[in-house]
Amino acid sequence: MDADQQEAILKKKLQSFLSEMLKLGTVKGFRYFATYMRGREEMVISILNSPQSTSDQFMDSGPSSPVLKEHRKSESFTSQKLPYDKRSLLLSRKTQMILSGYGEGGVALLPASPSDHEDDMKSDQSTLFLIAGYARYNCPYVWVRSNHDRLFRLTGEKLERDSPLRLKSTIKWKDQDINVWDLIAELVKLSTYPAPRNPFEIDLEFFSMLPVSEQVLSTAAMANCLQKIMLHTPDDKPFAGKVFEDLQLVVKCHFAALQKLAKQGLPVLEQYQQQQQQRQQQQQQQQHMPGQRRQRYSGSGSSHEAPGSQYDQQVTGYGGYMATAAPSRF
């Protein structure tokens, strides 16, 4: 496979990634993160630093925890290691130049906007990340947008705030089937302390506070999103079963809201019923219209319309109003 064919495949794969990112970026109701789209190529995600929740929802951080042993064995990043060594979590400038496709003479993998543009969105309770799939890079990358001091352990060197993260999901993206929710799961794992068992846990309280009509739409979008995550997540992932449990909960909430909305009356159905009633009334009025009076003249074996009956004939005008036909001069 030559370079042009490989580039065409990566561009097509990136378009599919951006399409899924656009769908997920508009879904609301996750407990540990919130997203919003900033154009088609960029999604900003805000992840809670320390969520208030029960301890059984988080990974056991004890020294004998099998989950912790698994992390140590794979040497993947987890929030138990906060703060991180920036040299292990950030891509070096030399690596960025190589990944840019221009070798050591290339440019760094910079985002479209510097992190200073997110100053109005910064919070001590959450950390902002930028997930972007720029066409010029042919690969999605993630940049930290806030709370750099919380994530990185400074060693006297200047911190490159606009350097992308060294994530497993982004490194493997070109060669493996990596989706946008894989990036999000890895970000929640390295940013939220303690790390939750299910990074895609839903917030049922969020849905209960919405109007009924919005509940129907929001729960439907969430159910579709969780279904995709469940279908594309291997069974050996710790959160696979949890996603299925939340999918069942949100489906129940969806049909409960739909039932409430049906009892209140759907605007579309009400409009249709009103139109049907108007049609029935018009048909009944037409059926009760007086027919033409006929009178038999003496000495004739046929019936003719009686003179003057045309004056009594009523016709239906615009808007259903009844009007009397004008007499004919002929």
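Right above here is the structure, for reference.
I will try to describe carefully the structure that is included in this document. (Residues numbered from 1 in each chain as written. Predicted model: local features only at pLDDT ≥ 70, side-chain atom pairs only at ≥ 80, totals over all residues. Heavy atoms only, no water.)

**Digging into the packing of aromatic side chains**
Okay, so step 1: The final tally for this structure, using the stated rule, is 10 aromatic pairs.
Okay, so step 2: Across the ring face of W173, the terminal group of K13 is positioned such that the distance to the ring centre comes to 4.7 Å.
Okay, so step 3: The ring of Y134 has R136 sitting right over it, with the charged end atom 5.0 Å from the ring centre. (Phe/Tyr/Trp six-rings, centres within 6.5 Å; stacked < 30°, edge-to-face > 60°. Lys NZ or Arg CZ within 6 Å of the ring centre and 35° of its normal.)

**Regarding the sheet that holds strand β5 (residues 141-144)**
Okay, so step 1: Taken together, four strands build an open sheet; the order of strands is β1-β2-β4-β5 and the sheet is antiparallel. Among the strands making up the open sheet, the edge pair consists of β1 (33-37) and β5. On average, adjacent strands in this sheet sit at an angle of 25 degrees to one another, irrespective of strand direction.
Okay, so step 2: In the sheet, β1 pairs with strand β2 (residues 42-48) via five bridges, with the strands oriented antiparallel. The partner of A34 across the bridge, within β2, is S46.
Okay, so step 3: Running at roughly 120 degrees to β1, helix α1 (residues 3-25) makes contact with β1, β2 and β4 (126-132) of the sheet.
Okay, so step 4: Helix α7 (residues 180-191) contacts β1, β2, β4 and β5 of the sheet and is inclined by roughly 35 degrees relative to β2. (Pairing = 2+ DSSP bridges. Helix = DSSP H or I, 4+ residues; strand = E, 2+ residues; numbered from the N terminus. Axes fitted to C-alpha atoms, helices over the stretch in contact; angles between N-to-C directions. Contact = heavy atoms within 4.5 Å.)

**Observations concerning the pattern of salt bridges**
Okay, so step 1: One pass over the full model with this rule turns up four salt bridges.
Okay, so step 2: A salt bridge links K228 to E20; the nearest nitrogen and oxygen atoms lie 3.6 Å apart. Separated by 208 residues along the polypeptide, K228 in helix α9 (residues 212-231) and E20 in helix α1 bring together distant segments of the chain. Comparing K228 with E20 shows no difference in burial state: the two are buried.
Okay, so step 3: Two residues, R31 and E201, come together in a salt bridge whose shortest N-O distance is 3.0 Å. Of the two residues, R31 sits in the loop between α1 and β1 while E201 sits in the loop between α7 and α8 (204-208), which places them 170 residues apart along the sequence. (Salt bridge = Lys/Arg side-chain N within 4 Å of Asp/Glu carboxyl O. Buried < 20%, exposed > 50% of the residue type's maximum accessible area, 1.4 Å probe, protein only.)

**A word on α9**
Okay, so step 1: The terminal C-alpha atoms of α9 lie 28 Å apart, and with 20 residues this matches the ideal 28 Å at 1.5 Å per residue to within 8%.
Okay, so step 2: If you check which residues of α9 are buried, you get V212, Q215, V216, S218, T219, M222, A223, C225, L226, K228 and I229. (Expected span 1.5 Å × (residues − 1).)

**Overview of the packing of α1 against α7**
Okay, so step 1: Where α1 meets α7, the closest approach of the two axes is 9 Å, and the angle between their N-to-C directions is 60 degrees. Put simply, α1 runs oblique to α7. Between α1 and α7, the contacting residues are F17, E20, M21 and L24 on the first element and V180, W181, L183 and I184 on the second.
Okay, so step 2: For the contact of α1 with α7, a count of residues per class yields seven nonpolar, no polar and one charged. (Parallel < 35°, antiparallel > 145°, perpendicular 65-115°, else oblique. Nonpolar A, V, L, I, M, F, W, Y, C, P; charged D, E, K, R; others polar.)

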